Amino acid sequence: MARGRPRTFDREAAVEQAMLIFWAKGFTNTSLSDLTSALKINPPSFYAAFGSKEALYLDVLERYSLEIGEKLWGELLRDGPAYHAVENLLLNTARYLTREKSPKGCLLSLSGMEGGLSESLSNELMRRRHAMLIRLENCLLAARGKNEISARADCEAAARFYFTLQQGMVTRARDGETTDELETTAKSAMRLWPVLLQDG
C-alpha cells in the first residue's frame, strides 16, 4: 500500500471537498472514514497532507471565511451607507445559505452545536463569531460618526440585535426555510432600523 501523500494529490480541491462534508455533518459527526473516502486517500496520506482532522478543519474554516463569509460580511467594511450594508448582510444570508449547490445554513455559525469539540477549536470558533459581531458594531459606529444615524444610537445593542437575528436566520436555513421566507425576515428586521438607530 502506498504511503504518504500521492504526487497527484490536489490539496486545494481536497480542502474544498472537506468543507462541504464538515458543512453538512459538523465537525464531531464527520469521521476520518468520511473524509478519506470522499478525498479518495488512505489514512496515512490524510495525515501526511493535513496532520489531523482538526488541522484540516481549521483550513476549512479559513476557506469558508474567504469564499462564503466575505460574501455575507464583506460589505460591512466598505465605505457605503450602513443601512444598505446591514440590509445586504441579511439578504445575502437568505440567498447564499439556501442555495441548492451547497449545504444549508452557515458552517461557521453551526459549527460545534453537536458538541465534542476541543477547547482550542471551540475558542477559535467563538473568536471568529465574535469578530463578525465586532465588524457589525464597527460599521454602525462609523455610520454614527458620519451622522448617518442618531448620535444617541446604541450601536452595541443594535449590532447584537442584527447579529442575533442573522444567526437565527442561519439556523432556520438549516431547518429548511426558503429564500423567500428568510428574505421576508430580513426586510422585517430592517423596518426596525429607525427605532434602533435613529431615535436612540
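Not measured: the values here are computed from a predicted model.

Participant: Now, about the overall build of the chain: what can you tell me, with residues and values included?
Facilitator: A count of helices and strands for the chain gives ten helices and zero strands. Listing each helix as α and each strand as β along the chain from the N terminus yields α-α-α-α-α-α-α-α-α-α. In terms of overall dimensions, the chain has C-alpha extents of about 70 × 30 × 30 Å along its principal axes. Within the chain, the fraction of its 200 residues that count as buried is 44%. As displayed, the chain offers around 10,200 Å² of accessible surface, 51% of which is attributable to carbon and sulfur atoms. Side chains of the chain carry 26 positive and 26 negative charges; the gap between the two charge centres is 5 Å.

Participant: Summarise the packing of helix α2 (residues 32-39) against helix α3 (residues 43-50); cite the residues concerned and give the values.
Facilitator: Following both chains from N to C, one finds α2 and α3 inclined at 90°, their axes separated by 10 Å at the closest point. What the angle tells us is that α2 and α3 run roughly perpendicular. On α3, the residues that touch L32, L35, T36 and L39 of α2 are P43, F46, Y47 and F50. Residue composition of the contact of α2 with α3, by class: seven nonpolar, one polar and no charged.

Participant: Outline unusual backbone geometry, supporting the account with residue identities and numerical values.
Facilitator: Even without being a glycine, K40 presents a positive backbone phi close to 60°. Within the fold, K40 resides in the loop between α2 and α3. Since its relative accessible area comes to 73%, K40 is described here as exposed. With a phi angle near 65°, N147 is a residue other than glycine that sits in the positive phi range. Structurally, N147 can be placed in the loop between α7 (119-145) and α8 (155-174).

Participant: So what about the packing of aromatic side chains? Which residues, and what values?
Facilitator: Per the counting criterion, the structure on display carries ten aromatic pairs. Between the aromatic rings of Y83 and W193, the centroid separation amounts to 5.3 Å while the plane-to-plane angle is 85°, which identifies the pairing as edge-to-face. With Y83 in helix α5 (residues 82-96) and W193 in helix α10 (residues 193-197), the pair connects residues that are 110 residues apart, well separated along the chain. Judged by its relative accessible area of 28%, Y83 is partly exposed. Here W193 falls in the buried class, since its relative accessible area comes to 5%. Judged by centre distance (5.0 Å) and plane angle (80°), the rings of F161 and Y162 are edge-to-face. Clustering of aromatic rings is evident, with ring pairs tying together Y83, F161, Y162 and W193. Directly above the aromatic system of F27 lies the positively charged group of K53, at a separation of 4.3 Å from the ring centroid.

Participant: Describe in detail the confidence of the model for the chain, supporting the description with residues and values.
Facilitator: Of the residues in the chain, 94% reach a pLDDT of 70 or more, and the chain-wide mean stands at 90. Across the chain, helix α9 (residues 179-190) holds the top mean pLDDT of 97, while helix α6 (residues 107-110) sits lowest at 82.

Participant: Can you lay out α2 for me, pointing to particular residues and giving the numbers?
Facilitator: Buried residues of α2: L35, T36 and L39, and no others. Down the axis of α2, the buried side of the element spans an arc of 90°, and every buried residue falls inside it. K40 lies just past α2 and shows a positive phi near 60°.

About the cut-offs
- Residues numbered from 1 in each chain as written.
- Predicted model: local features only at pLDDT ≥ 70, side-chain atom pairs only at ≥ 80, totals over all residues.
- Heavy atoms only, no water.
- Helix = DSSP H or I, 4+ residues; strand = E, 2+ residues; numbered from the N terminus.
- Buried < 20%, exposed > 50% of the residue type's maximum accessible area, 1.4 Å probe, protein only.
- Areas by Shrake-Rupley, 256 points an atom, 1.4 Å probe, with all protein chains shown as cover.
- Lys, Arg positive; Asp, Glu negative; His and termini not counted.
- Charge placed at Lys NZ, Arg CZ, Asp CG, Glu CD.
- Axes fitted to C-alpha atoms, helices over the stretch in contact; angles between N-to-C directions.
- Parallel < 35°, antiparallel > 145°, perpendicular 65-115°, else oblique.
- Contact = heavy atoms within 4.5 Å.
- Nonpolar A, V, L, I, M, F, W, Y, C, P; charged D, E, K, R; others polar.
- Phe/Tyr/Trp six-rings, centres within 6.5 Å; stacked < 30°, edge-to-face > 60°.
- Lys NZ or Arg CZ within 6 Å of the ring centre and 35° of its normal.
- pLDDT = per-residue confidence, 0-100.
- Arc of directions from axis to C-beta.

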